[in-house]
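Here's the letter readout for the chains.
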Amino acid sequence: MMKIDVLSLFPAMFTGIFGESILKKANEKQAVTYNVINFREFADNKHGQVDDYPYGGGAGMVLKPQPIFDAVESLKGENELKPRVILMCPQGERYTQSKAEELAKEEHLIFICGHYEGYDERIREHVVTDEISIGDYVLTGGELGAMVVIDSVVRLLPGVLGNEDSPVKDSFSSGLLEHPHYTRPADFRGMKVPSELISGNHRLIEEWREKESFRRTFERRPDLLGNHTLSEKQKQWIEEWEKSR
Ligand SMILES: C[S@@+](CC[C@H](N)C(=O)[O-])C[C@H]1O[C@@H](n2cnc3c(N)ncnc32)[C@H](O)[C@@H]1O
């Protein structure tokens, strides 16, 4: 079972997300346990102070090393392999599906959610194994970022999603965006579902999905095709689309 610990100054933010939908079910199925800790409890001063002014001056407060070092040390099991200690940070590695797949193989993840201006650099250097950014924008705190990462990792744990929601065909898992979906009715206000999908012919349906998945990626995210060697079929599709433009 995967163990997820979160260090945050605002633990109540996680109550909703861990108590709903797939994250809740994953815990009920004993695929994962969640533990959210307010690292203020580890402050070694009677005011519970976890931040201080930056050396050299300037705006904003910096998270002190002591509460975070002590909190992380308290979470490492004695006989445990090293946990991944993940710092949520806009300066970190940009988060991707392949990182989610990598983290889903681990047994223990510890997330550090910052607030304020930044972290004392010694936290990065001596406690953290990974620094993750969820995108090129700045959030108020690391909590929302940690939720994004946790959600995307937990849904990959064995047994969490049923076969019907299998993550294997999701966008990015195969290197391409997923094909479009349709459901009933087959004709909604004159807008028809592609005939291949209602043909009942599995080969036709698979071919349509394969082609539309590639088209969607080619049109919306050609950057994803950067490392992809095009098959003959894909080259023909591109020619066909370029002619019809
Ligand atoms: C206001 S931000 C600090 C930004 C910092 N001064 C900088 O420029 O790098 C406060 C906290 O929010 C979190 N955060 C902000 N943007 C993030 C992002 N894109 N991805 C992950 N965490 C983020 C981090 O935990 C960060 O320590």
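Residues numbered from 1 in each chain as written. Predicted model: local features only at pLDDT ≥ 70, side-chain atom pairs only at ≥ 80, totals over all residues. Heavy atoms only, no water.

A.B. asks: Where do I start with the overall build of the protein in this structure?
C.D. replies: Scanning the protein for helices and strands turns up eight helices and ten strands. Its C-alpha atoms give the protein a radius of gyration of 23 Å, more than 25% over the compact-globule value 18 Å for 245 residues. Taken along the three principal axes of its C-alpha coordinates, the protein extends 70 × 40 × 40 Å. With 245 residues in all, the protein has 41% of them scored as buried. Within the protein, contacts between residues separated by at least 24 positions form 72% of all contacts whose residues are at least 6 apart in sequence. Working note: accessible area of the protein is about 15100 Å², and carbon and sulfur atoms make up 49% of it. (Helix = DSSP H or I, 4+ residues; strand = E, 2+ residues; numbered from the N terminus. Rg over C-alpha atoms; globule rule 2.2 N^0.38 Å. Buried < 20%, exposed > 50% of the residue type's maximum accessible area, 1.4 Å probe, protein only. Contact = heavy atoms within 4.5 Å. Areas by Shrake-Rupley, 256 points an atom, 1.4 Å probe, with all protein chains shown as cover.)

A.B. asks: What exactly am I supposed to notice about the site of the ligand here?
C.D. replies: M88, Q91, E117, Y119 and Y137 are the nearest of the 18 residues found near the ligand. Q91 is positioned with one of its side-chain polar atoms (N or O) 2.9 Å from an oxygen atom of the ligand. Separating an oxygen atom of the ligand from a backbone N or O atom of G114 is a distance of 3.1 Å. With the chains in place, 85% of the 590 Å² that the ligand exposes on its own is no longer accessible. Taken together, the elements giving at least two residues each to the shell around the ligand come down to β5 (84-94) and β8 (130-133). Looking at the shell around the ligand residue by residue, the classes come out as ten nonpolar, seven polar and one charged. (Near = heavy atom within 4 Å. Polar contact = N/O pair within 3.5 Å; in protein donor to acceptor, adjacent residues only side chain to side chain. Nonpolar A, V, L, I, M, F, W, Y, C, P; charged D, E, K, R; others polar.)

A.B. asks: When you look at the UniProt feature "binding site: S-adenosyl-L-methionine" (unreviewed entry) in the protein in this model, what are you seeing that I'm missing?
C.D. replies: Listed under "binding site: S-adenosyl-L-methionine" (unreviewed entry) in the UniProt record, and renumbered for this structure, are G114, I134, G135, D136, Y137, V138 and L139. Mapping G114 onto the fold places it in the loop between β6 (108-112) and β7 (118-119). Other than its neighbours up to four places away in sequence, G114 contacts L63, Y119, G141, G142 and E143. Looking at where G135 falls in the secondary structure, it is placed in the loop between β8 and α6 (143-154). (UniProt positions renumbered as here; feature names shortened; annotations may be inferred.)

A.B. asks: What is the right way to look at the sheet that holds strand β3 (residues 51-52) in this model?
C.D. replies: Either a parallel or an antiparallel arrangement is found when strands of a sheet pair, and the pairing is made through backbone hydrogen bonds. Taken in spatial order, the three strands of this open sheet run β3-β4-β7, and their pairing is mixed. Looking at the sheet topology across the chains shown, the edges are occupied by β3 and β7. Two elements, strand β4 (residues 62-63) and β7, share two bridges in a ladder whose sense is parallel. Within β7, the position partnered with L63 by the bridge is Y119. (Pairing = 2+ DSSP bridges.)

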